[in-house]
Amino acid sequence: METTSQAVEQAPTAEGGQQAAAARRTVDGYLRASFPWYGLDEAFTGPRWLMQVGTAADGTVAHGSIGHGDEPVVRAEVTAEERERFAVVVTVAAHPVRRSADGTGLLEATSVSSAAWLAGVGLLSFTWPGQMDHTLRDDWLDQQTETAWALADDLDGPEWSTLSLPVDGVPTPFHYRESEFGWVLAGSTEQGVHVGAYGRGMSAYGIGFAVVKDIEQYA
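Owing to the predicted nature of the structure, the values given are computational and were not obtained by experimental measurement.

Enquirer: What should I look at first to understand the overall build of the protein chain in this one?
Expert: In terms of helices and strands, the protein chain carries three helices and 12 strands. Expressed as a percentage of the 219 residues in the protein chain, the buried residues total 47%. Long-range pairs, those at least 24 residues apart, make up 59% of the contacts in the protein chain with a sequence separation of at least 6. Total accessible area computed for the protein chain in this model is approximately 11,400 Å², and 49% of it derives from carbon and sulfur atoms.

Enquirer: What am I meant to see in the confidence of the model for the protein chain here?
Expert: Keep in mind that low pLDDT regions are not for reading the predicted coordinates in detail. In this model, the protein chain carries a mean pLDDT of 79, and residues with pLDDT of at least 70 account for 74%. Confidence drops under pLDDT 50 across residues 1–25; counting only partners more than four residues distant or on other chains, this segment forms 46 contacts.

Enquirer: Is there a simple way to explain the pairing of strand β3 (residues 48–55) in this structure?
Expert: Residues in a regular strand point their side chains to alternate faces of the sheet. The buried fraction of β3 is high, at six of eight residues. By the bridge criterion, seven bridges tie β3 to strand β4 (residues 61–69) in an arrangement that is antiparallel. Counted as the bridge partner of T55 is V61 from β4. Between β3 and β4, which pair antiparallel one after the other, the connecting turn spans five residues, and G59 there sits at a positive phi close to 90 degrees.

Enquirer: Looking at this model, I keep getting lost on the environment of Q144. Mind explaining?
Expert: Relative to the assigned elements, Q144 resides in helix α3 (residues 137–152). Along the primary structure Q144 and G120 are separated by 24 residues, whereas in three dimensions their C-alpha atoms are 9.1 Å apart. The residues contacting Q144, other than those within four sequence positions of it, are L124 and F181.

Enquirer: Is there a simple way to explain the pattern of salt bridges in this structure?
Expert: For side chains bearing opposite charge, pairing can occur when the charged atoms are close. What the rule picks out here adds up to two salt bridges. Between E42 and K213 there is a salt bridge, with its nearest N and O atoms 3.9 Å apart. One end of the pair, E42, is in the loop between β2 (38–40) and β3; the other, K213, is in the segment after β12 (209–211), and 171 residues separate them in sequence. Of the two residues, E42 and K213, neither departs from the other in class, the shared state being exposed. One salt bridge in this structure joins R200 and E84, with 3.7 Å as the shortest N-O distance. Residue R200 is located in strand β11 (residues 193–200), and its partner E84 is located in the loop between β4 and β5 (86–93); the two are separated by 116 residues in the primary sequence. A residue is classified by how much of its surface remains accessible, and R200, at 8% relative accessible area, is buried.

Enquirer: Any chance you could explain the nonpolar core here in plain terms?
Expert: Burial of nonpolar side chains together is a common tendency in soluble globular proteins. Counting 58 residues, the largest nonpolar core has W37, L185, Y198, F209 and I215 as its most contacted members. Tallying contributions element by element places helix α2 (residues 112–124) first for this core, with eight residues. With near-sequence residues (within four places) excluded, W37 lies in contact with Y30, V53, V61, H63, G64, I66, T91, A210, V211, V212 and I215.

Enquirer: I'm lost on a negative patch on the surface in this one. Help?
Expert: A surface patch of negative charge is lined by D138, D139, D142 and E146. Of note, D139 is situated in helix α3. On the basis of relative accessibility, which here comes to 54%, the residue D139 falls in the exposed class.

Enquirer: Quick question: what am I supposed to make of the packing of aromatic side chains here?
Expert: To describe a pair of aromatic rings, you give the distance between the ring centres and the angle between the ring planes. Per the counting criterion, the structure on display carries six aromatic pairs. Grouping aromatic residues by their ring pairs yields a cluster made of Y30, F35 and W37.

Enquirer: Before we go on, may I ask you to explain the environment of E190 in this structure?
Expert: Looking at the secondary structure, you find E190 in the loop between β10 (182–188) and β11. According to the relative accessible area criterion, E190 is exposed, its value standing at 74%. C-alpha separation for the pair E190 and D168, spaced 22 residues apart in sequence, amounts to 9.1 Å.

Basis of the calculations
- Within every chain, residues take consecutive numbers counted from 1 along the sequence as written.
- Since the coordinates come from a predicted model, pLDDT governs what is reported: local features require at least 70, and pairs of side-chain atoms require 80 or more to be given and counted, while whole-chain, interface and lining totals use all residues.
- Computation of side-chain values: all heavy atoms of the structure, hydrogens and water removed.
- Numbering of helices and strands runs from the N terminus; a helix is a DSSP stretch of H or I covering at least four residues, while a strand is a stretch of E covering at least two.
- Buried, partly exposed and exposed residues are distinguished by accessible area as a fraction of the type maximum, computed with a 1.4 Å probe on protein chains only: under 20%, between the cut-offs, and over 50%, respectively.
- Whether two residues are in contact is decided by their heavy atoms, any of which lying within 4.5 Å being enough.
- Each accessible area value is a Shrake-Rupley result obtained with a 1.4 Å probe; residue values ignore everything except the protein chains displayed when judging cover.
- pLDDT is defined as a per-residue confidence score from the predictor, taking values between 0 and 100.
- Strands qualify as paired when DSSP identifies two bridges or more between them.
- Salt bridge, as applied in this entry: a Lys or Arg side-chain nitrogen positioned within 4 Å of an Asp or Glu carboxyl oxygen.
- Only buried Ala, Val, Leu, Ile, Met, Phe, Trp, Tyr and Cys residues count toward a nonpolar core, and they belong to the same one when joined by side-chain atoms within 4.5 Å.
- Nonpolar side chains (Val, Leu, Ile, Met, Phe, Trp, Tyr) are joined into patches within 5 Å and like charges within 9 Å, using only residues with over 30% relative accessible area and no salt bridge.
- Positive charges are assigned to Lys and Arg, negative charges to Asp and Glu, while His and the chain termini are left out of the count.
- Where a charge lies is defined by one atom per residue type, namely NZ (Lys), CZ (Arg), CG (Asp) and CD (Glu).
- For this analysis, a ring pair means two rings from Phe, Tyr or Trp (six-membered ring only for Trp) whose centres lie within 6.5 Å, classed as stacked if their planes differ by under 30 degrees, edge-to-face if by over 60, and tilted for the remaining angles.

Following this line, the structure appears as C-alpha cells:
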C-alpha cells in the first residue's frame, strides 16, 4: 500500500480555544473518510483514543487507527508489570486497483494482507527490545518491517492461525499470530472494509469489533 500516515495526537492540556482547535484537527482526517471506522465493541469499557490516518496518493483517506486501553509509549527498559495493556484497531478501505482522482495513475488495491501489514508495523512502532542499543533501533525496525510485510503476504502460512471473533455481532474469521512483542490479526467485514488489530496485555480471544457510531466522541 502506497499511503502516507498523518500522525494525530491527543489534544494537549491548554487554554480552551487551543484545546478545541487541536481536538478538531485530530478528528478531521477521520471525518473525511468515505468508509466506516471500526473499534472494539461495547464490551470494552476502557479509554478510547484516536491515533492516525493514512492517505492514498490522491489524498483520499485510505486507513486509520483507533486505540483502546493504555496509550503505549516506546521505552527501552520496561518490566512485565509496567507494560501497557492496549489494543489498536486498524480500518482499511477495501477497493480494487483504480485510477487516481486526477486520472494520471493507478492506486494500489487493498486486501486483508494490507490490514495485516499495517497492524504488524503498528505493533513494531511501540516495541523496543530492552537489550538493544538506541543507535541500532532503526536497523532493527527496518528488518522487522520487512518481516511483517513478508508475513502479511503469506496469510495461509504456518505463522498464522484462524480465530473467529464477532464483527457487528456476526462471527467472522480472522488471521491471527502472536510474537514476543504482542499479537496481530486481520480480516474483512460486511461493511466493505478490512480490519486489522494489534495489542499487548489484552487477550485477542476475548475481543469483538463494531462500527464506531460517532467518531467525534473519540476526540
